Amino acid sequence: MTWRIVVISSRCKLDLNMGYLEIRTDKVAKVHLSEIHTLIIESTAVSLTACLLCELMKRKVKVLFCDEKRNPQSELAPYYGTLDTTAKIRQQIQWDATIKQSVWREIVQEKIRKQSELLMYSEKRSSGDVLVKYANEVTLGDTTNREGAAARLYFGSLFGSSFVRGAPDCINTSLNYGYTIVLSAFNREIAALGYITQLGIFHDNMFNQFNLGCDFMEPFRPLVDKIVYEMNPQKFEKEEREKLLSILNMQIEIDNAHHYVSTGIRIFCRSVIEALNQKDISEIKRWKYIPKKSKTNTVVKEGMT
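Residues numbered from 1 in each chain as written. Predicted model: local features only at pLDDT ≥ 70, side-chain atom pairs only at ≥ 80, totals over all residues. Heavy atoms only, no water.

Asks: Please give an account of the overall build of the chain that cites residues and values.
Replies: From N to C terminus, the chain includes 10 helices and 11 strands. Seen through its C-alpha atoms, the chain measures out along the principal axes to roughly 60 × 50 × 45 Å. Buried residues in the chain amount to 50% of all 305 residues. Of the contacts made within the chain by residues no fewer than 6 positions apart, 65% connect residues no fewer than 24 positions apart. When the accessible surface of the chain is summed, it comes to about 15200 Å², and 50% of that surface belongs to carbon and sulfur atoms. (Helix = DSSP H or I, 4+ residues; strand = E, 2+ residues; numbered from the N terminus. Buried < 20%, exposed > 50% of the residue type's maximum accessible area, 1.4 Å probe, protein only. Contact = heavy atoms within 4.5 Å. Areas by Shrake-Rupley, 256 points an atom, 1.4 Å probe, with all protein chains shown as cover.)

Asks: I'd like a rundown of empty space enclosed by the protein, residues and numbers included.
Replies: Where empty space is left becomes clear once a probe the size of a water molecule has been rolled over the atoms. Applying the stated criterion across every chain yields a total of one cavity of 30 Å³ or more. What the largest cavity holds in volume is close to 30 Å³. Together, Lys60, Val61, Lys62, Leu76, Ala77, Pro78, Arg188, Ala191 and Ala192 line the largest cavity. Broken down by element, the residue count for the lining of the largest cavity peaks at three residues, all from helix 6 (residues 170–192). For the lining of the largest cavity, the per-class residue count stands at six nonpolar, no polar and three charged. (1 Å grid on protein atoms, 1.4 Å probe; cavity = no way out; pocket = protein on both sides within 12 Å on 5 of 7 lines; lining within 4 Å. Points joined across faces, edges and corners; volume = space filled by probe spheres on them. Nonpolar A, V, L, I, M, F, W, Y, C, P; charged D, E, K, R; others polar.)

Asks: With reference to specific residues and values, describe the sheet that holds strand 10 (residues 257–260).
Replies: Pairing within the open sheet is antiparallel, and its three strands lie in the order 10-9-11. Bordering the open sheet on either side are strand 10 and strand 11 (288–289), each of which pairs with just one other strand. Packing of helix 10 (residues 261–278) onto the sheet brings it into contact with strand 9 (251–254) and strand 10, and relative to strand 10 it is tilted by some 105°. (Pairing = 2+ DSSP bridges. Axes fitted to C-alpha atoms, helices over the stretch in contact; angles between N-to-C directions.)

Asks: Explain the sheet that holds strand 8 (residues 72–76) to me, using residue names and the numbers behind them.
Replies: The strand order across the open sheet formed by four strands is 1-5-7-8, and the pairing between neighbours is mixed. Taken across any chain shown, the strands that pair with only one partner, and hence form the sheet edges, are strand 1 (4–8) and strand 8. For this sheet, the mean angle separating the axes of adjacent strands, direction not counted, is 20°. Taken together, the five bridges between strand 1 and strand 5 (residues 36–41) define a ladder with parallel strand orientation. Paired with arginine 4 across the two strands is isoleucine 36, which belongs to strand 5. In the packing of helix 6 onto the sheet, the strands contacted are strand 5, strand 7 (62–66) and strand 8, and the crossing angle to strand 7 comes to about 150°.

Asks: How would you summarise the environment of serine 10 if you had to cite specific residues and measurements?
Replies: Structurally, serine 10 is set in the loop between strand 1 and strand 2 (12–17). You can call serine 10 partly exposed: its relative accessible area is 42%. When the C-alpha positions of serine 10 and alanine 45 are compared, they lie 6.8 Å apart, and in sequence the two are 35 residues distant. Residue contacts for serine 10: discarding those within four places in its chain leaves Ser43 and Val46.

Asks: Requested: an account of the environment of isoleucine 112, with residues and values cited.
Replies: Tracing the sequence through the fold places isoleucine 112 in helix 3 (residues 97–121). Considered as a pair, isoleucine 112 and lysine 133 are 21 residues apart in the sequence and their alpha carbons are 9.5 Å apart. Leaving out residues up to four positions away in the same chain, isoleucine 112 has contacts with Leu131, Tyr134, Ala135, Val138, Arg146, Glu147 and Ala150.

Asks: Now, about the pairing of strand 10: what can you tell me, with residues and values included?
Replies: Neither face of strand 10 is open: one carries Ala257 and His259, the other His258 and Tyr260, and all of them are buried. What sits between strand 9 and strand 10 in their antiparallel hairpin is a turn of two residues, with aspartate 255 showing a positive phi close to 50°.

Asks: How would you summarise helix 5 (residues 146–159) if you had to cite specific residues and measurements?
Replies: Taking 1.5 Å of rise per residue, 14 residues should cover 20 Å, and helix 5 covers 20 Å from first to last C-alpha, within 8% of that figure. Here helix 5 lies mainly inside the structure; 10 of its 14 residues are buried. Those residues of helix 5 not exposed but buried are Arg146, Glu147, Gly148, Ala149, Ala150, Tyr154, Phe155, Ser157, Leu158 and Phe159. Here the buried face of helix 5 lies against helix 3, helix 4 (125–136), helix 6 and helix 8 (221–231). (Expected span 1.5 Å × (residues − 1).)

Asks: So what's going on with the confidence of the model for the chain? Residues and values would help.
Replies: Put simply, the chain has an average pLDDT of 92, and 95% of its residues get 70 or more. A low-confidence stretch, residues 294–305 stays under pLDDT 50, and its non-local contacts, those more than four residues away or across chains, total 19 contacts. (pLDDT = per-residue confidence, 0-100.)

Asks: Report on the side chain of serine 184, specifying residues and quantitative values.
Replies: One can find serine 184 in helix 6. Leaving out residues up to four positions away in the same chain, serine 184 has contacts with Lys62, Leu64 and Glu75.

Structure representation (structure tokens):
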């Protein structure tokens, strides 16, 4: 079970040694590749070997590279996730247009519901009630753009009326960083299932290598928003990045069981793809926030330290 998020933030050399990621500085540290879910290279002063990169791709480890400001810049994803990748790509190309619109409606509705729940949690009930109404009004393919209307109300209610999405401030920088981590996790699971991230069901940007990941991640965005809202960042440095990196180790509920977000993403991806293949949106799994005062005897499905 892969679960570690390894962050390399200073000058070093990374190499492969007997199945381990070897980190060489003045000292040598090792992490077995079987434990690594994501490797984030924050420093531009890091060198690494081709044999390590190849082995990371074989094991479906997501690798993120950051720029000189430590913002995520690019990522590596394997070409082939399964032995029958070719058959799955053909299947993906042939997904029916109507079921894609139905799945997108379900995704948008679930995203708006989660935004509403976060507003309720933040004691902004009136705006949360409006979002519930918007969620119920989403049409096939969201032709009336309830997603956009919900976003305008949601961000202004959550972060204040003066907040502008995309402005060069600490809140937007934090949101973008967190969204990149979540998107990377979705891309990893899509590739591992044998499908390609370029072909989306709604996103269709010819310059976007991750259209399908952008589609699937939408209901999970409010998890990032919740972290950013609670930490109310006045700067964006190591402490803020570490809090956002913890998102994959947060817990959510699916089918009355607690799962880490990294595993919840895997479950959700499988369910959406099954809905597309079977033309049945009832296959899609929904997740729930876990209250802070949840019962201690609930079993967590994956071991993680």
